[in-house]
Every structure is written in structure tokens, then in C-alpha cells.
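Survey of secondary and tertiary structure
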Amino acid sequence: MFVYPEVSPAIIEEIKGRSAAVVIGHVGPDGDCIHSQIAMQKLLQRLGLEVHIVNAGPFARKEIKQFEPLFAPHVDQQLRDRNPLVVLVDCSTIDRIGYLADEITGLSVLTVDHHASGTTFGDFSYIVPKSFSTTLCIMQFYKAFEVEMTYEIADHIFFGLATDTGFLKFIGPYRGETFHLMGELVELGVSPNDIFNRMEGGNSFAS
């Protein structure tokens, strides 16, 4: 059975030594991107950091539109002056964040991703190509820091997994660990039925 790698001590110490962070996702965000950003923000806040979530958009997908007001479109100078740790989620290359790449120049970067393609970039990275979603990678950070997951966080993590797998259609054999992790999320109150309805609700009959 596949086992997720541990979050390195260097990453843990880097996060513990910070007072501020900015979590950035790719342009044209999807469910995995947005819910990874929010889940990471909540974790870092629980660890005592001031955390901002930033995305260049556009928030075109109906299942994430409601979250757009939570995100800033820029990393402003006042935030840059605080020397925040930049956490890039769901990005295989730096250009995936668009104009925000210029706004984080000179800041330390932690990359958390599950894409096999692309090039390694940033000062720290937690990249798990065998993971079906970046949210499941974020889940490993909760385990590493021993931060209890709430229903809210579990819902974000499951939603990201559901959207990136076509609601589990793309999961093949010998990947029981994914279903074990899903079981943990369901035990926290997540309803797969509710998430499916939120993903597909509002679609036209033709679609």
C-alpha cells in the first residue's frame, strides 16, 4: 500500500519559526486548488501565524465561486514587508500563479503539490505525485503538526479530492490508502453524498 512521505523536519521548523504566511494557488483555480489554500490557511492559523490567501483568479468554476471574497488578488507591500513564508499549493511550475510570481520575488517559498510534471522550485517542497489531490497532501501536514482536524477542514480536504478525481472515477486499484484517508474524513462528519450534490448541483440536463 502506498504510504505518504513524512513532512520533513526542515519544513516543520521553517513553519514554526514564522509569524506570517501567504498561501497562493494557480490561476483559473479549481476545487483542489481553492480548498487546499483554505485548508493550509486554517492549519497555519492554528499554529499561530497570520495568514493571507491570495489568488489571481478568475473564479470561473461554479463550485468555487462562493469562496472568491475570501481571496486577495495581490500580495501587497505591507504584507511583503513582514517577510511572510509563501506557500504555493497545487502548482507544478512557478508561472502557474501568473503575475503573483513577480510579487513574491525574494521571499522564501514552500511548494505543496501532487503533480508529476513540472520542475522543482522554491526553497522547500512537499510534492507527492502519487497523491490524487493536493488537499490530501495538506492532510499530511495536519498529521505532522498533530493539529486536530475539524469537520470544516475535513470537508475542504474531501471536496478537493472529489473534484480532482471526478468524484473518485479516476482512482484505480491498489490505492486503498486513499480510501482509508477518506474514511477518516467521513468519520469527522463529511457527507460524500452532500459533496457530490454540491459539485453537480445546478448543472443543466444537457451537461
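In this report, we go over the structure that sits alongside the text. (Residues numbered from 1 in each chain as written. Predicted model: local features only at pLDDT ≥ 70, side-chain atom pairs only at ≥ 80, totals over all residues. Heavy atoms only, no water.)

Considering the pairing of strand E1 (residues 20–25)
For E1, the tally of buried residues reaches six of six residues, placing the bulk of the element in the interior. Residues Ala-20, Val-22 and Ile-24 of E1 are buried on one face, and the alternating residues Ala-21, Val-23 and Gly-25, pointing to the opposite face, are buried as well. The pairing of E1 with strand E2 (residues 50–54) spans five bridges and is parallel. In the sheet register, Val-23 faces E2, and the bridge partner there is Ile-53. What joins E1 to E2 is helix H2 (residues 31–46), and the crossover it makes is right-handed. Pairing analysis gives five bridges linking E1 to strand E3 (residues 85–89), with the strands arranged parallel. Residue pairing in the sheet places Gly-25 in a bridge with Val-89 of E3. (Buried < 20%, exposed > 50% of the residue type's maximum accessible area, 1.4 Å probe, protein only. Helix = DSSP H or I, 4+ residues; strand = E, 2+ residues; numbered from the N terminus. Pairing = 2+ DSSP bridges. Right-handed = clockwise from strand over helix to strand, strands pointing away.)

Observations regarding the nonpolar core
Met-40, Leu-44, Val-87, Val-112, Tyr-126 and Phe-141 are the most contacted members of the largest nonpolar core, which totals 52 residues. It is helix H6 (residues 151–164) that provides the largest number of residues to this core, a total of seven residues. Not counting residues within four places of it along the chain, the set of residues in contact with Tyr-126 comprises Tyr-4, Pro-5, Glu-6, Val-7, Ile-11, Leu-110, Thr-111, Val-112, Asp-113, Cys-137, Gln-140 and Phe-141. Residues Val-86, Leu-88, Ile-104 and Phe-121 belong to the second largest nonpolar core, which totals 14 residues. (Core = buried A, V, L, I, M, F, W, Y, C linked by side-chain atoms within 4.5 Å. Contact = heavy atoms within 4.5 Å.)

Details of the pattern of salt bridges
On inspection of all chains with the given rule, the structure shows eight salt bridges. For Glu-50, the salt bridge identified is with Arg-82, shortest N-O distance 1.9 Å. Taken together, the positions of Glu-50 in strand E2 and Arg-82 in the loop between helix H3 (77–80) and E3 put the pair 32 residues apart, joining distant regions of the chain. Residue Glu-50 is classed as partly exposed on the basis of its relative accessible area of 35%. (Salt bridge = Lys/Arg side-chain N within 4 Å of Asp/Glu carboxyl O.)

Notes on H6
With 14 residues, H6 extends 20 Å from end C-alpha to end C-alpha; this agrees with the ideal 20 Å at 1.5 Å per step. Extensive coverage of H6 is indicated by the burial of 10 of its 14 residues. The complete set of buried residues in H6 reads Ile-153, Ala-154, Asp-155, His-156, Ile-157, Phe-158, Phe-159, Gly-160, Leu-161 and Ala-162. Contacts from the buried residues of H6 go to H2, helix H5 (134–144), helix H7 (176–187) and helix H8 (192–200). Looking at the residues trailing H6, positive phi occurs at Gly-166, about 60°. (Expected span 1.5 Å × (residues − 1).)

Remarks on the sheet that holds strand E4 (residues 109–113)
Paired through backbone hydrogen bonds, the strands of a sheet run either parallel or antiparallel to each other. Pairing is parallel in the open sheet, where five strands are placed in the order E2-E1-E3-E4-E5. Looking at strand neighbours, the two that pair on one side only are E2 and strand E5 (124–127), the edges of this open sheet. Recorded for the sheet is a direction-independent mean angle of 15° between the axes of neighbouring strands. Pairing between E3 and E4: four bridges, direction parallel. Counted as the bridge partner of Val-89 is Val-112 from E4. Where H2 meets the sheet, its contacts fall on E1, E2, E3 and E4, and the angle it forms with E1 comes to roughly 170°. Here H5 sits on the sheet and contacts E3, E4 and E5; the angle it forms with E4, its principal contact strand, is near 120°. (Axes fitted to C-alpha atoms, helices over the stretch in contact; angles between N-to-C directions.)

Keep in mind these values describe shape, not function.
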